[in-house]
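Each chain is listed here by its residues.
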There are 2 protein chains.
Amino acid sequence: MVMDNFNLMKAVSRHSPSKIVLVVLDGLGGLPDPATGKTELETARTPNLDRLAAYGICGLIDIVGPGITPGSAPGHLALFGYDPVGCIIGRGILEAVGIDFDLKPGDIAARGNFCTTDKDGLVTDRRAGRISNEQCAELCRLLDGQVIDNVKLLVCPVREHRFAVVFRGDSLSPDASDSDPQQTGVAPKEVTALNSQADNMAATANKFIAMAKDILAEHHPANMVLLRGFSQAPQLPTMGEVYKLKPAAIASYPMYRGLAKLVGMDVLKTGASIEEELATLKASYANHDFFFLHIKGTDSAGEDGNFQRKVLTIEQADRALPQIQGLEPDVIVITGDHSTPALLKGHSWHPVPVLLYSKWCRSDPVRQFSESACISGGLGHIPAKQIMPLAMANALKLTKFGA
Amino acid sequence: MVMDNFNLMKAVSRHSPSKIVLVVLDGLGGLPDPATGKTELETARTPNLDRLAAYGICGLIDIVGPGITPGSAPGHLALFGYDPVGCIIGRGILEAVGIDFDLKPGDIAARGNFCTTDKDGLVTDRRAGRISNEQCAELCRLLDGQVIDNVKLLVCPVREHRFAVVFRGDSLSPDASDSDPQQTGVAPKEVTALNSQADNMAATANKFIAMAKDILAEHHPANMVLLRGFSQAPQLPTMGEVYKLKPAAIASYPMYRGLAKLVGMDVLKTGASIEEELATLKASYANHDFFFLHIKGTDSAGEDGNFQRKVLTIEQADRALPQIQGLEPDVIVITGDHSTPALLKGHSWHPVPVLLYSKWCRSDPVRQFSESACISGGLGHIPAKQIMPLAMANALKLTKFGA
C-alpha cells in the first residue's frame, strides 16, 4: 500500500482557499559538537525560527522508523504523507523524472555514471573525474537514440558525470542487477536478470554497455559507463487526488523536482539560492494552495562534514522566514527529510525536529527550535507521514470523520 | 507476521565489527512505595546507571502494547526485535528448548509439574512441595521413554517440580487443552482436543497422565503430574538472518536460554550470579558482536513482593555496569522485559525504562535512570520491538534505506 489511510484522507480532504507552506531543510537534524554539546541547529542563531516555535507546536519525526536511515526519496515521500516503505522509487526513475524526462508507460530507467577504466577494464574512478555538464551532454548525444533488439535507448545528461538512460520497448522488466560495482579496482559487473522475465532487459543493458564502451574508448577519463537502479515509475495517487490540493514544488535539485512530480506537484522554474526560491514562492503564491520549498544546503554541508556551513545555512533560512510569514500562509511547517549530522558526514537515523505554525495549532511550551527542545513538543514523537494530515487539519482543509 | 519490517531490517542490516550489549533486568519497571513515592529503581542508589543515562538517551518502552501485561516470552521477543503478538511461543516449547532438548520437526512439547493429590484425587500442592532437582530427575527417569499408540514420550527434568514432556509421533497437533487446573482443591482436568486434528494428541496425553499416576502412586508428595502449554516450535527467522549478527545469550534460567536459542543466539555456559555472568561476558567478548545479558533477580524479588530485595538487585547491577563499560561496547542498552512492581507481586503492564548509550545516540536532558525521568527521554515512548533497530543504528550496522 502506497499510503496508509489513503481512503480516509481522500474522504475527509476538501478544497479550501487556505495555504500551506512546507519548508524542508534537507538533512536538518544533527548531532552535538563534542566541544559545545550543541547540534548545528542549536548552534545557529535562529531568532525567527525560535519565535515561530514559541507561537507554534513542535515535535520530532521519524521518517521511516526508529533506527532507519532514510534516503532522500523515502524522506520526502513521508513528508508528503506517503508510506515510505510501501512505495519504493527506483534510482533510475528518480534521475529520469528529475530532468523532466517524459516517461511513457513501460519505460525502464537506470541511473548512469560516466566512469574511468584502466587498460585492464578495472574501474579507477566511478565519476570520471566529475566531467563538466557540457562534456556529459556531448557524450550523451553520442549514446542517445540507438536501437538494440527493438529497444530504443534514450540517454540524457543529468549533471557532471551523471546521466539517465531509458529503455523503451515491449515487455521489459526492471528486475535487473546493477553494473556499478560501487567500488574502484574491480571491473564493472555484468547486468543479470533477477528473474526470468528480466532476461531481455539484462541482455539489452549488457549490449548497451558494450556499445558505450566502444563509442567512449577515446574519451578518457569518461571511457566507460556504470548503470544502477533499473526501475519503472510507480503509480502513486497524486496529492491532488488525495488532498484536493493544487501543490507546487520549489526545488532546484533534479531529484527533489522529480519526487515532487511523481506525487503530482507542479514543479516551478526556480533559481537555486534561498533568495531565488523565495522569489519563486512570491511570484507563484496566488496560483497554488500548497508549496513544498526545498533547501538543499543543510544536507550538502552535513554530507561534507562541514558543521559551520550547516550552521550558516540554517541561519540563512532563518533570515528568510519573515518573508514567508509575510505572505501570511495559514500553515507553515518547517522540518527536514532526515538528519545529516556533520559529525557522521551522511544521512542518519536520528529523528528530525518539526515545527508547525497555524492560528489553530494549540501551542506548546517549546520556545526554541532545536532537537533537545522538540523532545518536549506538543506534537510528540511521530512518524513523518503524519505531518501532512496535521498540516491539512491546521489549514482547516479536513472535514469531520464519521457521524 | 513474526516481525514487522522483517524484510526492511534484513535489507539494511550489515555485518560490522561493532558490538552491542543488551542488559535485561527482568521485570525492571516498578511502582512507588506509598511511603516514599519512589519506585524500586528510584529508591536504588544507582550512580553508574545515572551517569550512563546522562551520556545516553532514555525513554519508555511498551512491550506488547499499552495496558498489556507481557509474559517473559513476548517480553524478550519484543526486545530482540520480533513482533510479540505475531509470534506466540508455547510454554511447552519454552521448557524443552530451555533444557537444551533437541526438538525434531513435528514434536509437541508440554510443560509438566509434579504435584500432590489427596486420596480423592484433588490437587493439594501444584508443586509437590518443590521436590529437589535430584528427585525430579529420578521421577522423570521412571516416566521417560514410554510408547503410547505409536507416540514416543520423552520426559526430561527441568528443576524442582518442573519437567518437560515431548510427544514424538506422526501428525500430532498441539491444539490440546491443559490438564493443570491452576488451583488446588480440584482434580486435574482432562486434556481435550481444541479441534478434531488434536484428537490423537489429547487421547495420548490422557493415557500418559493415567500411566504417570500409576507409576507415581507411591512417590508422595510427587504422586501426580499436571501438563500445560502443549505446543510446537515456531519457525522464527534467526537474529543472524535478520541482523547479520553473531549473537550470544548470557542467561542462567532455562526459559531465557530457550528463548535466545529460538532466535538463533549462541547460548553460553554461565553461572547464575551477576558476577559469573560478567565473567562469561568477558570471556566470550571477542567471539560475538551482540550480547543478551539477563539478570533474573529483579523479577524474582518483584514477584515475591520484596521491594527492598529488588532495590538491592538493581544496586548490584549498577555496581556491575562499569565492568561492562570497561569492555567498551559500541552500544549498551539497559532495560527490562516488562515491569514487575513489588506492590503487585507479579508482571504488570507499566512501560519499562530504557537507556541506550552510544557515541552517536544524541543525548537528551535525562540525568537519572528512573521511570519518572524517562518520561522526558529523547527516545520517547516507543514499542519495545524498536529497540533492536535503534541499537543496530547506533552501532552503525544499518545502511541507508532507499535512494
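Residues numbered from 1 in each chain as written. Chains lettered and ligands numbered in written order. Predicted model: local features only at pLDDT ≥ 70, side-chain atom pairs only at ≥ 80, totals over all residues.

With respect to the overall build of chain A
What chain A contains, in helices and strands, is 14 helices and 14 strands. The C-alpha atoms of chain A give 22 Å as radius of gyration, which agrees with the globular expectation for 403 residues (22 Å, within 12%). Its C-alpha atoms put chain A at 65 × 55 × 40 Å along the principal axes. Within chain A, residue pairs in contact and separated by at least 24 positions form 72% of the contacts whose partners lie at least 6 positions apart. (Helix = DSSP H or I, 4+ residues; strand = E, 2+ residues; numbered from the N terminus. Rg over C-alpha atoms; globule rule 2.2 N^0.38 Å. Contact = placed C-beta atoms within 7 Å.)

Describing the domain arrangement of chain A
Residues and elements named next belong to chain A. Entries for chain A in the domain assignment read domain 1 (6-88 + 236-394) and domain 2 (93-231). Spacing between the C-alpha centres of domain 1 and domain 2 amounts to 33 Å. The interface is formed by eight residues belonging to domain 1 together with five residues belonging to domain 2. Among the elements that line the side of domain 1 that touches domain 2, the one with the most residues is helix α9 (residues 254-262), at seven residues. (Domains from an automatic or database assignment.)

A look at the sheet that holds strand β13 (residues 352-358) of chain B
All names here are of chain B. Here eight strands make up an open sheet; going across it, the order is β10-β9-β11-β1-β12-β13-β2-β14 and the pairing mixed. The sheet is open, and its two edges are formed by β10 (266-267) and β14 (380-383), each paired on a single side. By the bridge criterion, five bridges tie strand β2 (residues 57-62) to β13 in an arrangement that is antiparallel. Of the residues in β13, the one forming a bridge with Ile-61 is Val-352. Docked against the sheet, helix α3 (residues 47-55) engages β2, β12 (331-335) and β13, running at close to 65° with respect to β13. (Pairing = 2+ DSSP bridges. Axes fitted to C-alpha atoms, helices over the stretch in contact; angles between N-to-C directions.)

What to know about the interface of chain B and chain A
With 21 residues of chain B at the interface, the matching set in chain A holds 29 residues. Only α1 (6-12), β14 and α14 (387-394) of chain B provide two or more residues apiece to the side of chain B that touches chain A. Counting residues per element, the side of chain B that touches chain A draws most heavily on α14 of chain B, which supplies four residues. Of the residues in the side of chain B that touches chain A, the class split is 12 nonpolar, six polar and three charged. (Nonpolar A, V, L, I, M, F, W, Y, C, P; charged D, E, K, R; others polar.)

Topic: helix α6 (residues 133-143) of chain B
Residues and elements named next belong to chain B. Turning to α6, its buried residues are Cys-136, Leu-139 and Leu-143. All buried residues of α6 lie within an arc of 70° about the axis, which places them on one face of the element. α6 presents Glu-134 and Arg-141 as exposed residues on the side facing more than 90 degrees away from its buried surface. Its buried side turned inward, α6 meets β3 (108-117), β6 (151-159), β7 (162-168) and α7 (199-216). (Buried ≥ 20, exposed ≤ 12 C-beta atoms within 10 Å, placed from the backbone. Arc of directions from axis to C-beta.)

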